[in-house]
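What follows is the residue order along each chain.
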Amino acid sequence: VHAADLHLDSPLLGLEQYPGAPVDEVRGATRRAFEALVDLCLTESARLLLVAGDVYDGDWKDYSTGLFFVAQLNRLREAGTRVVVVRGNHDAASQITRHLKLPEHVLELDHARPVTHVFDDIGVAVHGQSFRDRSTKSDLSRDYPDPIRGALNVGILHTSVTGRPGHDDYAPCTLEGLVAKGYEYFALGHVHRREVLSRAPWVVFPGNLQGRHVRETGAKGVTLIDADGARIESVEHRPLDVVRWTVCDVDATHAGGPEDVIELGKAALSAAVSGAEGRMLAARVVVR
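Residues numbered from 1 in each chain as written. Predicted model: local features only at pLDDT ≥ 70, side-chain atom pairs only at ≥ 80, totals over all residues. Heavy atoms only, no water.

Visitor: What's the story with the pairing of strand 6 (residues 124-128) in this structure? I'm lost.
Guide: Strand residues, when the strand is regular, have side chains that alternate between the two faces of the sheet. Burial analysis of strand 6 places 5 of its 5 residues in the buried class, which makes it a mostly covered element. Of the two faces of strand 6, the one lined by V124, V126 and G128 and the one lined by A125 and H127 are each fully buried. The pairing of strand 5 (residues 115-119) with strand 6 spans 5 bridges and is classified as antiparallel. Paired with F119 across the strands is V124, a residue of strand 6. Between strand 5 and strand 6, which pair antiparallel one after the other, the connecting turn spans 4 residues, and G123 there sits at a positive phi close to 70 degrees. Judged from the 5 bridges that link them, strand 6 and strand 7 (residues 152-158) form a sheet pairing that is parallel. Note that in strand 7 the partner of V124 across the bridge is L152. (Buried < 20%, exposed > 50% of the residue type's maximum accessible area, 1.4 Å probe, protein only. Helix = DSSP H or I, 4+ residues; strand = E, 2+ residues; numbered from the N terminus. Pairing = 2+ DSSP bridges.)

If you want it as structure tokens, here you go:
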């Protein structure tokens, strides 16, 4: 399972100002989404969980954030799921000042240089490097090790690639450079919208786990990878968000009056609620 940008305990912005808003449910959304991620790993009997950066949302305001993360990871230890984590700009070595000992089945890759870790029992080689500093402007992928012959080679990297609107230009690299590494899969993080940059080999941004404001709309979740030896059989998105953000556009061009606009708004909201599949929906209605 490939996840990124958990941003545990990041505030969901823009709702608390409204009277009657379900503040407590919204405030715990990132934690509940991470619990859903662990549930997915257990349900799918995942052998490996890759977290491509930004577990946290900057330096901890509360030590319980780290304790919660470790407690959930311990559920995976009991099931035999290993975890590989790299630090991104929000949880770079220079950012997190309250260190927390990770369980033995969790591997955090070094920030000093790119490293390779081989899981011999499942035939997977993971190559990657954490951020040392929040503002990492060099191409970390350039020095990633060569692939291990006969293994399923996976690169893990927190990066903007060639740049994405709304995201700082960290660890810039090129798609051509990633493909040239010869890995079967590149697990990327940093960009909060899901994006498949390549399918041969696979180069994927899974997007963030839980939308945090109305600019992060649509289904959020992780990528589930099914492999047979060194061959990837399938790659699919699994939505795990617990609060979904959307913008309902209402075209009032032909409305005869306010009542017509309200009915059009109701229809747009009804469609959005159906699409949310039982999740709480935070909707901004825009009448044009």
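Visitor: Honestly, the sheet that holds strand 9 (residues 195-199) in this entry has me stumped. Any pointers?
Guide: Read across the sheet, 6 strands follow the order 5-6-7-8-10-9 without closing on themselves; strand pairing throughout is mixed. Of all the strands in the sheet, just strand 5 and strand 9 have a single pairing partner and so form its edges. Averaged over all neighbouring strand pairs, the angle between strand axes comes to 15 degrees, with direction disregarded. Of the strand pairs in this sheet, strand 8 (residues 185-189) and strand 10 (residues 202-205) are connected by 3 bridges, and their pairing is parallel. Across the sheet, F186 pairs through a bridge with V203, a residue of strand 10. (Axes fitted to C-alpha atoms, helices over the stretch in contact; angles between N-to-C directions.)

Visitor: For this particular structure, what's the right way to read the packing of aromatic side chains?
Guide: A ring pair, where both rings are aromatic, is described by two values, the distance of the centres and the angle of the planes. Taken as a whole, this structure holds 6 aromatic pairs when the rule is applied. Ring centres of F131 and Y170 lie 6.4 Å apart, and the angle between their planes is 90 degrees; on these two criteria the pair is classed as edge-to-face. Placement of F131 in the loop between strand 6 and strand 7 and of Y170 in the loop between strand 7 and helix 4 (175-180) is noted, with a sequence separation of 39 residues between them. The exposure classification of F131 matches that of Y170, with both residues buried. Ring centres 5.2 Å apart and planes at 35 degrees place the aromatic pair Y183 and F186 in the tilted group. (Phe/Tyr/Trp six-rings, centres within 6.5 Å; stacked < 30°, edge-to-face > 60°.)

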